[in-house]
Amino acid sequence: MRRAIVLSMESVRKGGGPFGAVIARDGEIIAEGSNNVTIDCDPTAHAEVTTIRKATKALGTFDLSGCEIYTSCEPCPMCLGAIYWAHLDKIYYANDRKDAAAIGFDDDFIYEEFALKPEERKKPSEILLRDEALQAFRAWEQKDDKTEY
């Protein structure tokens, strides 16, 4: 956790957001990263996501079972989703989302949006070309040599 905190401080100094993360397995650091949203002009370049990307590349797998993530702040909804998709075993965090909200990083509105029906959310959405899109799902379902994830 101390390394994640150091990374968050380094990120602030280099122009990124105040977030750092480390992924470890059996007490050994596999990957580390910080928030590069403004540096890379990439809204998905949160510390947890950049660290997951580095860890999967280092280990040559999309499944990080057996690993844990240490992050300087409670993960936002996007990062939490990425952590679940990566199958990380446990999440440790230092600051919580209330601490983040106090300095202008308020993710609660996204958590609230998830609880709403799509038609009630602030971002409008609608279904288009569902029947055409289902063809890919059917092809996946019938594929014998697919890699499940």
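Residues numbered from 1 in each chain as written. Predicted model: local features only at pLDDT ≥ 70, side-chain atom pairs only at ≥ 80, totals over all residues. Heavy atoms only, no water.

Draft legend 1. Looking closely at the overall build of the protein chain. Along its length, the protein chain carries seven helices and four strands. Listed by position from the N terminus, the elements making up the protein chain come as α-β-β-α-α-β-α-β-α-α-α. In the protein chain, the proportion of contacts linking residues at least 24 apart, taken out of those at least 6 apart, comes to 45%. When the accessible area of the protein chain is evaluated, it comes to approximately 10200 Å², of which 54% is carbon and sulfur surface. Separation between the mean location of the 19 positive side-chain charges and that of the 27 negative ones in the protein chain comes to 3 Å. (Helix = DSSP H or I, 4+ residues; strand = E, 2+ residues; numbered from the N terminus. Contact = heavy atoms within 4.5 Å. Areas by Shrake-Rupley, 256 points an atom, 1.4 Å probe, with all protein chains shown as cover. Lys, Arg positive; Asp, Glu negative; His and termini not counted. Charge placed at Lys NZ, Arg CZ, Asp CG, Glu CD.)

Draft legend 2. Quick look at unusual backbone geometry. Its identity as a non-glycine residue notwithstanding, Cys 41 has a phi of 55°, on the positive side. Tracing the chain through its elements places Cys 41 in the loop between helix H2 (37-40) and helix H3 (47-59). Among the residues examined, Cys 41 registers a relative accessible area of 71% and is labelled exposed. One non-glycine residue, Leu 129, lies in the positive phi region at around 55°. Position of Leu 129 relative to the elements: it lies in the loop between helix H6 (108-114) and helix H7 (130-142). With a relative accessible area of 59%, Leu 129 lands in the exposed category. (Buried < 20%, exposed > 50% of the residue type's maximum accessible area, 1.4 Å probe, protein only.)

Draft legend 3. Seen up close, the packing of aromatic side chains. Counted according to the given criterion, the structure contains five aromatic pairs. Aromatic pair Phe 19 and Phe 105: ring centres 4.9 Å apart, planes at 90°, arrangement edge-to-face. Residue Phe 19 is located in the loop between helix H1 (2-14) and strand E1 (20-25), and its partner Phe 105 is located in the loop between helix H5 (97-102) and H6; the two are separated by 86 residues in the primary sequence. Residue class for Phe 19 comes out buried when judged on its relative accessible area of 13%. Ring centres 6.5 Å apart and planes at 55° place the aromatic pair Trp 85 and Tyr 149 in the tilted group. Highlighted residues: Trp 85 in helix H4 (residues 77-86) and Tyr 149 in the segment after H7, separated in sequence by 64 residues. In terms of burial, Trp 85 and Tyr 149 fall into one category: exposed. Members of the aromatic cluster, connected to one another through ring pairs, are Phe 62, Trp 85, Trp 140 and Tyr 149. (Phe/Tyr/Trp six-rings, centres within 6.5 Å; stacked < 30°, edge-to-face > 60°.)

Draft legend 4. Structural view of the nonpolar core. Counting residues in hydrophobic clusters, the biggest one holds 16 residues, and the most contacted among them are Ile 23, Ile 52, Ala 55, Leu 64, Ile 69 and Leu 88. Contributing elements (two or more residues each) for this core: E1, strand E2 (28-34), H3, strand E3 (67-73) and H4. In this view, Leu 64 contacts Ile 23, Ile 52, Ala 55, Thr 56, Leu 59, Ala 86, His 87 and Leu 88; residues no more than four positions away in its chain are not counted. (Core = buried A, V, L, I, M, F, W, Y, C linked by side-chain atoms within 4.5 Å.)

Draft legend 5. Expanded view of H1. With 13 residues, H1 extends 19 Å between its outermost C-alpha atoms, agreeing within 8% with the 18 Å of an ideal straight helix rising 1.5 Å per residue. Taken residue by residue, H1 has Ala 4, Leu 7, Ser 8 and Ser 11 as its buried positions. One side of H1 holds all its buried residues, which, seen down the axis, span an arc of 105°. Away from the buried face of H1 by more than 90 degrees, exposed residues Arg 2 and Arg 13 are located. (Expected span 1.5 Å × (residues − 1). Arc of directions from axis to C-beta.)

Draft legend 6. Seen up close, the pattern of salt bridges. One pass over the full model with this rule turns up six salt bridges. Residue Arg 3 pairs with Glu 32 through a salt bridge whose shortest N-O separation is 2.7 Å. Residue Arg 3 is found in helix H1, and its partner Glu 32 is found in strand E2; the two are separated by 29 residues along the sequence. Since its relative accessible area comes to 30%, Arg 3 is described here as partly exposed. In this structure Glu 32 comes out as partly exposed when scored by relative accessible area, which is 26%. Of the charged contacts, one joins Lys 143 and Asp 145 as a salt bridge, the two residues approaching to 2.9 Å between their closest N and O atoms. Under the relative-accessibility criterion, Lys 143 is labelled partly exposed at 39%. Members of the salt-bridge network, linked through shared partners, are Arg 3, Glu 10 and Glu 32. (Salt bridge = Lys/Arg side-chain N within 4 Å of Asp/Glu carboxyl O.)

Shape descriptors only; they carry no functional weight alone.
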